[in-house]
Amino acid sequence: MDHPSSPKDFFELDNKHYLQTANRYPVVFRKGSGSVLWDIEGKEYIDALAGIAVNNLGHAHPKVVDAIKSQADNLIHISNFYLSEPQARLAAKLSDLSGLQRIFFGNSGAEAVEGAIKIARKYASKQGRGGTIFTMSNAFHGRTLATVAATGKKSMMNGFSPIPTGFCQVPFNNLEILKEKINQDAAGILLETVQGEGGIHPAEKNFLLELRRFCDEENLVLIFDEIQCGIGRTGKMFAFEHYGVKPDVMPLAKALGGGVPIGAVLASEKVASAIEKGDHGTTFGGNPLACSAALAVLEVLESENLLAEAIRKGAWFKNEIENRRSEFPEIIDVRGLGLMIGIELSIEARPVVVKMLEKGVLANATAGNIVRFLPPLNIPDEQWSKVLEVFLEALKELKENI
């Protein structure tokens with residue numbers, strides 16, 4: 001196919017050449033600006049998914065675009081044999097924001113989680129402990145073999161044996177069962193501060209407070225996976241700030257680069273001191289281009305007061321849903337923090353999301369019956385209001401057609 005032009009042409013190319021791992025929606029996008037996307041036929045959509053919590057500043061934010069262009073004109077990649085100014089500045093910035101002293105940059109969330117696991121196990125090894133990482137039910141930590149094992153979902157493991165060992169899953173928000181299973185083989189505990197793919201379930205505050213105390217007593221490494229809920233998504237720079245509980249290690253990715261792939265592992269000096277030269281590495285991670293984009297993202301989050309905006313817009317949306325739930329018995333629950341919102345339905349979520357797409361709004365179906373909303377933090381109020389109306393219209397139309 002010499003010159004594909006129609007959606008059908010591009011889907012034929014995709015079906016012929018791309019590894020068929022994604023259950024794609026029937027649209028091909030060409031351009032984005034702010035909270036709006038346009039497909040190749042010129043149809044306009046409001047983006048309430050933001051690349052799955054990646055585009056927290058929307059599409060083509062001018063300060064991020066300028067930072068990428070400027071850096072690309074000077075230096076894109078040098079490897080980690082050498083230091084670049086953007087990498088040093090970004091590490092210092094993340095340390096200042098988080099209170100965690102050591103940073104390592106990779107390229108993705110799964111990489112960041114794998115780095116966190118290695119740090120925890122190396123620290124545990126030096127304390128004479130084993131390397132078992134305890135994870136939570138309903139979790140999601142990535143698609144590599146180790147992160148699939150950490151996630152613990154059988155459907156994600158099917159056909160990929162042998163799956164790496166050294167993980168033990170326990171119920172989310174249940175400290176007593178965790179304590180019963182902990183032994184000398186335990187290295188650390190890994191959990192999402194707010195579970196994303198599992199249906200937007202925030203951790204309970206008392207659970208995290210007691211978990212922090214328990215990890216201190218047992219000298220276990222506490223890891224908060226903030227790949228989806230970090231970088232302003234919940235109305236705080238990091239979701240752990242809602243709880244007053246700081247982790248020992250924290251993987252980040254998604255929104256950090258504003259669409260440019262970058263992951264990071266943040267760790268306390270105490271735990272990070274176990275890592276020695278040669279213990280970990282990356283070719284592309286922390287390159288000047290990605291770090292420049294991330295610095296611009298952090299600057300905009302602060303200068304445009306977007307953390308407060310996430311809290312305001314999230315509260316408005318959840319309040320509106322609650323006010324109208326009597327009209328829509330299909331709505332079982334509304335959960336989340338800031339602009340990380342999940343609406344649990346009594347029906348399957350994907351048909352609702354497909355209907356919304358037809359009406360020009362992007363959302364996401366997760367965990368079977370959850371419609372997930374992760375819009376840009378700077379989405380204009382009128383567009384955010386339209387997202388709500390389209391969601392309710394989709395529910396109503398599907399109900400009428402049953």
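See the structure above.
Residues numbered from 1 in each chain as written. Predicted model: local features only at pLDDT ≥ 70, side-chain atom pairs only at ≥ 80, totals over all residues. Heavy atoms only, no water.

A. Region of interest: the packing of helix 12 (residues 306–323) against helix 14 (residues 381–401). Two numbers describe how helix 12 lies on helix 14: the axes approach to 11 Å, and their chain directions differ by 30 degrees. In terms of orientation, helix 12 and helix 14 fall into the roughly parallel class. Crossing angle aside, the handedness with which helix 12 passes helix 14 is right-handed. Facing helix 12, whose interface residues are Arg312, Lys313, Trp316, Phe317, Glu320 and Ile321, helix 14 presents Asp381, Trp384, Ser385, Val387, Leu388, Phe391 and Leu392. Split into classes, the residues belonging to the contact of helix 12 with helix 14 amount to eight nonpolar, one polar and four charged. (Axes fitted to C-alpha atoms, helices over the stretch in contact; angles between N-to-C directions. Helix = DSSP H or I, 4+ residues; strand = E, 2+ residues; numbered from the N terminus. Parallel < 35°, antiparallel > 145°, perpendicular 65-115°, else oblique. Left-handed = near helix turned anticlockwise from the far one by under 90°. Contact = heavy atoms within 4.5 Å. Nonpolar A, V, L, I, M, F, W, Y, C, P; charged D, E, K, R; others polar.)

B. Summary view of the layout of surface pockets. When its volume is computed, the second largest pocket comes out at roughly 890 Å³. Contributing elements (two or more residues each) for the lining of the second largest pocket: helix 4 (85–98), strand 4 (102–106), helix 5 (109–126), strand 12 (263–267) and helix 10 (269–272). Broken down by element, the lining of the second largest pocket gets its largest block of residues, four residues, from strand 4. For the lining of the second largest pocket, the residue count by class is 12 nonpolar, nine polar and seven charged. (1 Å grid on protein atoms, 1.4 Å probe; cavity = no way out; pocket = protein on both sides within 12 Å on 5 of 7 lines; lining within 4 Å. Points joined across faces, edges and corners; volume = space filled by probe spheres on them.)

C. How the structure looks around the sheet that holds strand 3 (residues 44–47). The four strands are arranged 1-2-3-15 in an open sheet whose pairing can be described as mixed. Edge positions in the open sheet fall to strand 1 (29–33) and strand 15 (361–362), since each of these has one partner strand only. Alignment of strand 3 against strand 15, held across two bridges, turns out to be parallel. If you follow Asp47 over to strand 15, its bridge partner there is Leu362. Strands in contact with helix 14 are strand 2 (36–39), strand 3 and strand 15; relative to strand 3, the strand with the most contacts, it is inclined by about 95 degrees. (Pairing = 2+ DSSP bridges.)

D. A look at the sheet that holds strand 17 (residues 370–373). What the four strands build is an open sheet, ordered 13-14-17-16; its pairing is antiparallel. In this open sheet, the two strands that pair with only one neighbour each are strand 13 (331–337) and strand 16 (364–366). Adjacent strand axes in the sheet meet at a mean angle of 25 degrees, parallel and antiparallel pairs treated alike. Sitting on the sheet, helix 12 touches strand 13, strand 14 (340–345) and strand 17, and the angle it makes with strand 13 is about 170 degrees.

E. Here's a closer look at the pairing of strand 2. In terms of strand pairing, strand 1 meets strand 2 through four bridges, oriented antiparallel. Bridge pairing links Gly32 to Leu37 in strand 2. In this sheet, strand 3 lies alongside strand 2 in antiparallel orientation, the contact comprising three bridges. Within strand 3, the residue paired with Trp38 across the bridge is Glu44.

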